[in-house]
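Residues per chain are reported as follows:
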Amino acid sequence: MSQPVRLRPPLERVASRARWMWMCTDLLRWVPVTAVVLLGNGPWGWFDLPTWALAAYAVVLLAYVVLVPQWRYVVHRWEMTESAVYTQAGWWARERRIAPMSRVQTVDHREGVIARLFGLATVRITTASSAGALTIEGLDRERALALVDDLTRIADSVPGDAT
Amino acid sequence: MLLVHPVRDLVRFLPALVGILVFGQSSDGGGRWLLLGVGVPVVLGLARYLTTSYRITTGRVEVRQGLLNKRVLSAPLDRVRTVDLTASPIHRVLGLVTLRIGTGQSSGNGEERLALDGLTATAASGLRERLLHGHVSQLTNRDVAATAAAGHVVLTLDLRWVRFAPFTSSGVAIAGAALGVVAQSAHTLEILPSVDLDSAARLGAVALVVLGLLGVLLTICVLAVVGYLLTNFDFQLLRTGTEWHVRRGLFTTRETTLDQARVSGVSIGEPWGLRFAGGARLSAIVTGLDRRQRGSSVLVPPAPRAEVERVSAEVLGSAAPVTSRLVGHGPRAHRRRWTRAMVPAGGVALGALVAGYAVSWWFLPLAAAALALGAVLAHDRWRALGHALVDGHLVARSGSLDRRREALHTASVIGWNLRATWFQRRVGLTHLVATTAGGRQQVRVLDLDEAAATDLAASATPRLLEEFLTRPPGRPLR
């Protein structure tokens, strides 16, 4: 039996530094919860957690912060051709998005605080559908700027009102 | 047409006016207060009327308004998707309408929509012609009526369809809102319901609960019927050339004109109540109109399924997308529907069992009910799953409580999203989402086999996916 036609993953990976960026953002996301657990257990005395519970929390947190960025790095990919953009993102849930150049409406370049620490940027490509925006996180800044230029050039050269 | 703002503002200020009247009579100089109370709204209304103006310049429509805070709203004419003519009872007495222009700016909120209040009916229909066709039309009112008569009436409301009203959720929504208002005013006016405990005891608790439930049910039904009639009375769907006209409303009438070229598909809503009663509703997927403006895209109010199918066949130009059998999603999708429904239901049942053991055996039926409900939902959700690609339309159906069958023209697909969690990837399933610029912004095909999803997307938009496919050598791309 022949192999059926499949969608292959996009070709290009994001910058490998993106793993460190995701590690930082994931850590920051857990800071409030961790603070409540530690302060509530110690100085504030809200509750009295057994040591094994604290250890379990630490293990889960560590695993999350160490493993999820690696997983993301394996999944996050992108590709641009003359006629379409194709991205893949996520970790537990993987989302692939394809949009033709003729439907691209805006191209954004963003650099968050943490992304700037690592010299990274995010490119976001919107279409006329609010469900169809493509986001590429963790691109090298120079690469992102070049990509934005290319995207704008190609999208502008295609006629039509993108709906 | 000068009157509409002052009259409407007077109505809005009515509570204040009553207050002024009461206050004015208890002290001297009441006449002056009254004059102020009537005068201020009238002056404000006049000012608004006098400072609002519109014009159609080369390819753009502009609305300027405001005396102190000036603002200009403008939109290119070729972005005009729909034109709505609404007339409240006050407007109708004065022979006026409000004209709203749907431009399909997804980011624009309701406040910023282009609206012209207080046009005469003739001026409004002339303006509508110009907006939709971009040319100056010399139509008089009689000509407009003649065109409408020349159009082909696709659907008129049959009053017997009111029987579907209690099966929609709108009755519950209206009842909820009404209850809120009643409770609020009862609270502010300090009217508290007095319960005669003796008579309640004589009736018995069970009878009281049953009577109360019946009362609530009856109220919801009546409100639903009233709501249905208020919005849909005299509903008429008319086709003239390349346009669809919808007219409806009992007191406040509303006329919507949709350009056929902007209609990219239809969505048939069959929530469980309507489905049980053999009914459905139909709305158009209009390019550039999102769901916040969904009032503009209603094609058939809750009505018998046969009517909905007939109208959608006429709108799509083919009956196949609505009537053809759908391709099912296979045993893995079946299993997934069941696990997704039964895991939460099982959790509830387990909780109920524990509570039944620890607290009271009254919790035990709850466990059985949760499991039964889960099974019914799983089965119904499984039966809904299906997709097809017929006559140039991508068709997808899903959902149980809120089941929808959507048919989207493939030319209006502006991208694809394929989403799969780890569980789905393990069994080779994926959600396939076609994004579009109208309606809910997407048409979702749930739990499709990965190869089938690729195949479906590649057949719907052949050139888009080609570059990203892995092809075994020798096999041509379809």
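Parameters and conventions
Residues numbered from 1 in each chain as written. Chains lettered and ligands numbered in written order. Predicted model: local features only at pLDDT ≥ 70, side-chain atom pairs only at ≥ 80, totals over all residues. Domains from an automatic or database assignment. Contact = placed C-beta atoms within 7 Å. Helix = DSSP H or I, 4+ residues; strand = E, 2+ residues; numbered from the N terminus. Nonpolar A, V, L, I, M, F, W, Y, C, P; charged D, E, K, R; others polar. Buried ≥ 20, exposed ≤ 12 C-beta atoms within 10 Å, placed from the backbone. Axes fitted to C-alpha atoms, helices over the stretch in contact; angles between N-to-C directions. Parallel < 35°, antiparallel > 145°, perpendicular 65-115°, else oblique. Left-handed = near helix turned anticlockwise from the far one by under 90°.

For the rest of this paragraph, the subject is the domain arrangement of chain A. Residues and elements named next belong to chain A. Annotation of chain A at the domain level lists domain 1 (13-73) and domain 2 (77-157). Computed from C-alpha coordinates alone, the two centres of domain 1 and domain 2 are separated by 29 Å. Taken together, the contact pairs twelve residues of domain 1 with eleven residues of domain 2. Of all elements in the fold, only helix H1 (18-41) and helix H2 (51-75) reach the threshold of two or more residues within the side of domain 1 that touches domain 2. Looking at which element gives the most residues to the side of domain 1 that touches domain 2, the answer is H1, with five residues. A class-by-class count of the residues in the side of domain 1 that touches domain 2 yields eight nonpolar, one polar and three charged.

A negative phi angle is the norm for most residues apart from glycine, just as the trans form is the norm for most peptide bonds. Residue and element names in this part refer to chain B. Non-glycine residue Asp234 carries a positive phi angle of around 65°. On the secondary structure map, Asp234 appears in the loop between helix H9 (205-232) and strand S8 (236-240). In this model, Asp391 sits at a positive phi of 45°, which is unusual for a non-glycine residue. Here Asp391 lies in the loop between strand S14 (386-390) and strand S15 (393-398). Asp391 sits in the partly exposed class, given 16 other C-beta atoms within 10 Å.

Here we take up the packing of H1 of chain A against H2 of chain A. Geometry of a packed helix pair, given as the angle between the helix axes and the separation of the axes. Residues and elements named next belong to chain A. Put simply, H1 and H2 touch, their axes get as near as 9 Å, and they point 155° apart. With respect to each other, H1 and H2 are oriented roughly antiparallel. Seen from above, H1 lies across H2 with right-handed handedness. Across from Ala18, Arg19, Trp22, Met23, Asp26, Leu27, Trp30, Thr34 and Val37 in H1, the residues of H2 making contact are Tyr57, Leu61, Tyr64, Val65, Val68, Pro69, Gln70, Arg72 and Tyr73.

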